[in-house]
Amino acid sequence: MPAHAVRMVRDGMADPDRARPFLADTPEWLRSTRALANMTRTLLLAHDRLTPEDLDLEAVYLSACFHQARAAVVDPEVVRHDAAAAAALFSVVHAVRPDAVPEPLRSAYAESPPALLSPATILYRAGAVLMVEGARARDVKLLEQAVGLIVLADRAGFDPDVRPSMLFAIGSLYVQMGLLTGDKERFEKAVGFIRLAVSDWPADRPLPRQTLRMLAAARAGLPEEASPLKQRFSRYLDSGTKDPAELAALIADTRAALVDTGPGDPDWHLNRNILASLLRIRFELAGEADDIDQSIALLRETLETTDDRAITGMLNSALASACLDRHIETGDPDDLAAAIAAGRASVAASLQHEPGHPKSLTNLAAVLQTSYSRTRDTAELDEAIGYLEIAVDAEVAGTGDHQVMRIKLAVGLLLRALATDREADLDDAARLLESVAVEEPVDGVNQHQARLELSRVALVRAALSRRPEELYSALVGFRDTAQAASHDLRTRLQAGGHWADAAERFGDAEETARAYGYVLDELLPKSAGLALDRRSRELRLRHTSGYACDAAWAELRCGRVQDAIVRLEQGRGVLLTQALRLRGAREALAEAAPGLAERYDRIGAALIADTALPEERSRLAAEFDEVVKLIRAVPGFARFGMPADWARLRTAADGGPVVVVNVASRGGDALILRPGGDVTVVALPKVSHDEVARRADAFLHAVDGMSASASDLAARMAHDGVITGTLGWLWKNVAGPVLGAFDAVPERLWWCPTGPLALLPLHAAHRESDGVYVHDLVVSSYTPTLTALIEARTRPPAPDTGLLGVAFAGEPPLLGVAEEVAAIGHDTDPATVLVGADATPGAVLAAMGEHTRVHLACHGVRDPSDPSNGALCLHGGDLTVRELARWRSHGAELAFLSACHTAAAGPELVDEVITLASALRLCGYRHVVGAMWTVQDVVVPQPAVEFHRLLREAGSLAHTATALHAAVDLLRRTPEYSSPLYWACLAHIGP
């Protein structure tokens, strides 16, 4: 220290109240960074002499006086740091020269002597002043001096519990210097110090959120050190556009990178993780179910190859997301359980300071939020929100992942606001979403998702405040998301439904109809297009269940009856309509343009086969669309392959009246199409979706219970009461009003029920006042759609090639199936019979192709959650709905299914009417007779034999419905089978 400075210090210590240093200096000089830097150099030179036993008294006293003088003139936010530094320094001075301490500290110390602070604490407090001033002034030199002081403090020996905070402070200073200079080395040092801080953080103290925020900021300053493929994958995610072409190229290149590598390659696990993630993303965007199955299988296989902690954490994080995606699509609880397990394993394997930790937390939180939506366990929701708050702090800002994390945190807060009425959560959710919505790219996927969630917030606020502007804001937001071409179709479909619902709440019937119209016109064809295989289309159609019925309800409220019928055809029986469209070109086209007809048939057959890989199927679908476009240019074929319009649909009633019963979420209507095109609308106010679904579930439980509780009289009486009550309700609320709309009940009537009404036997509706059933008044037939009925009526009949009888008793053995088929074959000529071991799936399909008519007597099973897994049980294997849908017989006319559940739709995809009976319609059978539920195996043979006898006597399959009606009448006259439990199970589908 210079001699003049030493004299100034000694004079000050001799008279501290009047002569101590810096009393005469100006506030401007005391606040200057130059003065602070100069005084810091003095303390740095004395850093190893800060104890009473070895004290550089002059340097310490000068520094103490400087910070005391600064504390009197600096801004309030800095005062406490200077005051703390002064107190620490004077505590050492007091230990050797108490008289040198100025007032009022001297008196205070005399009354209560200060604790002697350690050199580490003294250096850190002085460094804290530099940290604040360096950040305020953006002065790198001050920040460097702060680092120097805190590093020296660390060397001087901190309490182990305090040391992590010191390490974090050093890391924070390097981040600030890196931001000011752009120096990569400073960011690297920042990451190193903060990671040490996180690693050493006491287990019994929560890690401050600021620590992870600073770590994320440090990482943001470092260029990504990764393989070119990983960098390309990251750029794709951060672009926010989810470009399909780039996605396809990335998938192809990642597959190529994996061809010649194995677990020993340093990038092998990472590349397999990237490929699995890309397949999951393509599943979300396009809906190909095979992609998500491959993604999950790939991750599970890769997990089997390693026990490395970091790699298993990465793979389990991706597995949690993939299993969650499949659960959302299928509803399978096993996938949700697997997602939770993988998510927890990922979080357990990742360390807080590692780059992948925020994503592991986010993926687990997303799973917990989904689980909460099913369990309503708020502990799961709070856990998810806690994880997301940490993830948002820890992730690098400006990335696509950071946007996703904020959106998911907002979703969690919104869910909690709904559960607890906590308005602060609602406000926080809105702020988070608004911040994402305005970030680049403005038209990105994350931005559209943020706007969708903002619309949900507005909807909640509208419910709380009853302010119409909030409801209108929600409506506009949902509409914008539904119409956003860059967003994935699953989200757009969801937004379309919310758009319609908000419009209905707003009281705008036209806007409601417009919303549903957009979903059915624009989104549904893309979501369930032919580029997807059948299973994928089934999964996608779950997201539009009920939309067609609600769309029709909206059109009826606007007075547009014909448009209501068109909407029902657009959104129901989509798979059936597509299959009928693919089944081959019409004869007229073959004559007008044989080359196009041949291409159409060839591509259609390939799509029906449903065996092509996703890329090949996409190519086939594009080629199919191109062929259809060329066909429409042929004179007379302008509407070829287009959805049926009213002019076409009205012809469904040419053979007799058709009753379309629309079951919407808000109520029901019967639309009676009469020959000539007139339509009568009968309001059915009590026939809402939820009410019908509840009654259908109870009815099916009761009919199943009657079979299972043969010896339990009380149970049978209870089940019988449900059956009788349901049939009475059907008469009072559906069949009675419909039949009452006719001047005279017609001889024939076709029912086209929608929604869960398709699960109930309208032909057995019961008028309790006189015991009359619909069956007593009219011959009933069913059709899944008007298009299917028109196709069955207009297709030229095939020459009769005889009856095929199939009998397989199965397990448990069915009684009398061989005798049933033998009796039918005895009365029919010509006839072929496959019994027992001869009735294999392959043999049955081959024989079906050679016979006009088929009678199948075997077990039938259904899978309510996946109706396409419904099957006929044959020798050596099952013949499923999905397999039958791929098969076609050009000479098929009649199929009688003497098996349980063959005409029973499942509650899932009920509007698609996926049954064994409908599958045989797809095979080409014009008339199908099937069973709507399980009955005793001795019941069906009697009406089956009578049916074939009556049909043979009639001489024409046009009498199929009346023959079945008469055969059922015969069964009803048998006392033990007079209950509708037995006779009402059989139904006719066809013209």
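Residues numbered from 1 in each chain as written. Predicted model: local features only at pLDDT ≥ 70, side-chain atom pairs only at ≥ 80, totals over all residues. Heavy atoms only, no water.

Where an unreviewed UniProt entry is consulted, the protein appears under the name CHAT domain-containing protein, with the organism given as Actinokineospora fastidiosa.

A. Structural context of the overall build of the protein. When helices and strands are tallied, the protein shows 44 helices and 18 strands. In terms of overall size, the protein is more extended than a compact globule, its C-alpha atoms giving a radius of gyration of 39 Å where 991 residues would be expected to give roughly 30 Å. Across the 991 residues in the protein, those meeting the buried criterion constitute 56%. Side chains of the protein carry 100 positive and 133 negative charges; the gap between the two charge centres is 4 Å. (Helix = DSSP H or I, 4+ residues; strand = E, 2+ residues; numbered from the N terminus. Rg over C-alpha atoms; globule rule 2.2 N^0.38 Å. Buried < 20%, exposed > 50% of the residue type's maximum accessible area, 1.4 Å probe, protein only. Lys, Arg positive; Asp, Glu negative; His and termini not counted. Charge placed at Lys NZ, Arg CZ, Asp CG, Glu CD.)

B. Summary view of the packing of aromatic side chains. All told, the structure shown has 15 aromatic pairs when counted by the stated rule. Geometrically, the ring pair formed by Trp499 and Tyr518 is tilted, given 5.9 Å between the ring centres and 55 degrees between the ring planes. Residue Trp499 is located in helix H24 (residues 489-506), and its partner Tyr518 is located in helix H25 (residues 509-527); the two are separated by 19 residues in the primary sequence. Tyr518 shares its class with Trp499; the two are buried. For the ring pair Phe896 and Phe947, a centre distance of 5.2 Å and an interplane angle of 45 degrees mean the geometry is tilted. Note that Phe896 is positioned in strand E16 (residues 894-898) and Phe947 in helix H42 (residues 941-954), a separation of 51 residues in sequence. For Phe947, a relative accessible area of 0% puts it in the buried group. Three or more aromatic residues joined by ring pairs make a cluster, and in this case those are Tyr600, Phe624, Phe637 and Phe640. When the ring centre of Trp553 is taken as reference, the NZ or CZ atom of Arg666 above it lies at 5.4 Å. The ring of Trp750 carries Arg793 above its face, with NZ or CZ at 4.5 Å from the centroid. (Phe/Tyr/Trp six-rings, centres within 6.5 Å; stacked < 30°, edge-to-face > 60°. Lys NZ or Arg CZ within 6 Å of the ring centre and 35° of its normal.)

C. Quick look at the sheet that holds strand E14 (residues 871-874). Judged by pairing direction, the sheet is antiparallel, and its three strands sit side by side in the order E13-E14-E15 without closing on themselves. Unpaired on one side and paired on the other, strand E13 (859-861) and strand E15 (877-880) mark the two borders of the sheet. Mean inter-strand twist for the sheet, computed between neighbouring axes without regard to direction, equals 30 degrees. Of the strand pairs in this sheet, E14 and E15 are connected by four bridges, and their pairing is antiparallel. Bridged to Leu872 within E15 is Leu879. Running at roughly 40 degrees to E15, helix H39 (residues 841-848) makes contact with E14 and E15 of the sheet. (Pairing = 2+ DSSP bridges. Axes fitted to C-alpha atoms, helices over the stretch in contact; angles between N-to-C directions. Contact = heavy atoms within 4.5 Å.)

D. Highlighting the packing of helix H1 (residues 3-14) against helix H4 (residues 57-71). With their axes 10 Å apart at the nearest point, H1 and H4 run at an angle of 70 degrees to one another. In terms of axis orientation, H1 runs roughly perpendicular to H4. Between H1 and H4, the residues in contact are Val6, Met8, Val9, Arg10, Gly12 and Met13 and Leu57, Glu58, Tyr61 and Leu62, respectively. In terms of residue class, the contact of H1 with H4 is made up of seven nonpolar, one polar and two charged. (Parallel < 35°, antiparallel > 145°, perpendicular 65-115°, else oblique. Nonpolar A, V, L, I, M, F, W, Y, C, P; charged D, E, K, R; others polar.)

E. Seen up close, the pairing of strand E6 (residues 748-753). With respect to burial, E6 is a largely interior element, six of its six residues being buried. In this sheet, E6 lies alongside strand E3 (residues 658-664) in parallel orientation, the contact comprising four bridges. Note on E6: the bridge partner recorded for Val660 is Cys752. Here E6 runs beside strand E9 (residues 779-782); their pairing, made up of four bridges, is parallel. Bridge assignment links Trp750 to a residue of E9, and that residue is Ser781.

F. Representation of the nonpolar core within the structure. Among the nonpolar cores identified, the biggest contains 130 residues, and Trp751, Leu920 and Tyr925 are the most heavily contacted of them. Excluding its chain neighbours within four sequence positions, the residues that come into contact with Tyr925 are Arg795, Met848, His851, Thr852, Val854, Trp887, Ala892, Glu893, Leu894, Ala895 and Leu920. Counting residues in each nonpolar core, the second largest holds 67 residues, with Phe22, Leu36, Phe66 and Ala394 among its members. (Core = buried A, V, L, I, M, F, W, Y, C linked by side-chain atoms within 4.5 Å.)

G. Focus on the pattern of salt bridges. According to the stated counting rule, one finds 71 salt bridges in the structure shown. Note that Arg49 and Asp54 form a salt bridge whose closest N and O atoms lie 3.1 Å from each other. Note on Arg49: relative accessible area 35%, which makes it partly exposed. The salt bridge involving Arg602 is made with Glu598; its shortest N-O contact spans 3.9 Å. (Salt bridge = Lys/Arg side-chain N within 4 Å of Asp/Glu carboxyl O.)

H. Structural context of unusual backbone geometry. Across the junction of Glu103 and Pro104, the peptide omega takes the value 5 degrees, indicating a cis bond. With respect to the element layout, Pro104 can be found in the loop between helix H5 (76-96) and helix H6 (105-111). For Phe22, which is not glycine, the phi dihedral falls at a positive 75 degrees. Locating Phe22 in the fold gives a position in the loop between H1 and helix H2 (27-31). On the basis of relative accessible area, Phe22 is assigned to the buried category, the value being 10%. The backbone of Arg376 shows a phi angle near 60 degrees, a positive value even though the residue is not glycine. The topology assignment puts Arg376 in the loop between helix H18 (357-375) and helix H19 (378-394).

I. Fine view of the packing of H19 against helix H20 (residues 400-420). Direction vectors running N to C along H19 and H20 enclose 150 degrees, while the axes themselves pass 9 Å from each other. Taken together, the axes of H19 and H20 lie roughly antiparallel to each other. Note on packing geometry: the crossing formed by H19 with H20 is left-handed. Here Leu381, Asp382, Ile385, Leu388, Glu389, Ala391 and Val392 of H19 come into contact with H20, specifically with His402, Met405, Arg406, Lys408, Leu409, Gly412, Leu413, Leu415 and Arg416. The class makeup of the residues in the contact of H19 with H20 is nine nonpolar, two polar and five charged. (Left-handed = near helix turned anticlockwise from the far one by under 90°.)

J. Just the pairing of strand E5 (residues 679-684), in detail. The pairing of strand E4 (residues 667-673) with E5 spans six bridges and is classified as antiparallel. Each bridged residue has a counterpart across the sheet, and for Leu673 the counterpart in E5 is Val679.

K. Representation of the environment of Asp183. For Asp183, the location among the structural elements is in the loop between helix H9 (163-181) and helix H10 (184-200). Remark: the alpha-carbon pair of Asp183 and Ala463, spanning 280 residues in sequence, is separated by 52 Å. Within the structure, the side chain of Asp183 is placed 3.0 Å from the backbone nitrogen of Glu185, a separation counted as a polar contact. (Polar contact = N/O pair within 3.5 Å; in protein donor to acceptor, adjacent residues only side chain to side chain.)

L. Fine view of the state of the cysteines. With the rule as written, the count across this model stands at zero disulfides. Considering cysteine sulfurs only, Cys858 is the nearest to Cys873, which forms no disulfide, with 6.7 Å between them. Exposure remark for Cys873: the relative accessible area of 15% places this residue in the buried category. (Disulfide = S-S within 2.5 Å.)

M. Quick look at H20. The end-to-end C-alpha separation of H20 is 30 Å, in line with the 30 Å expected for 21 residues at 1.5 Å each. Once H20 ends, the next one or two residues include Asp421, with phi positive near 60 degrees. (Expected span 1.5 Å × (residues − 1).)

N. Summary view of the side chain of Gln447. By secondary structure assignment, the location of Gln447 is in helix H22 (residues 445-465). Of the residues examined, Gln447 reaches a relative accessible area of 0% and is grouped as buried. The contact partners of Gln447, leaving out residues within four places of it in the chain, are Gln403, Val436, Ala437, Glu439, Glu440, Pro441 and Val442.

O. Broad picture of helix H16 (residues 309-330). The end-to-end C-alpha distance of H16 is 31 Å, a good match for the 32 Å that 22 residues give at a rise of 1.5 Å each. Of all 22 residues in H16, 16 are buried, a share of seventy percent or more. Two or three places before Ala310, at the start of H16, stands the capping residue Asp308, its side-chain oxygen 3.1 Å from that residue's backbone nitrogen. One or two residues past the end of H16 sits Gly331, with phi positive at roughly 80 degrees.

P. Quick peek at the environment of Gly192. One can find Gly192 in helix H10. Note on Gly192: relative accessible area 33%, which makes it partly exposed. In this structure, the C-alpha to C-alpha distance between Gly192 and Met706, residues 514 residues apart in sequence, is 71 Å.

Q. Here's a closer look at the side chain of His775. Here His775 is to be found in helix H36 (residues 774-777). Taking the relative accessible area as the measure of exposure, His775 reaches 6% and is therefore buried. A polar contact of 2.8 Å, which involves the side chain of His775, links it to the side chain of Asp969. The residues contacting His775, other than those within four sequence positions of it, are His763, His965, Val968, Asp969, Arg972 and Trp983.

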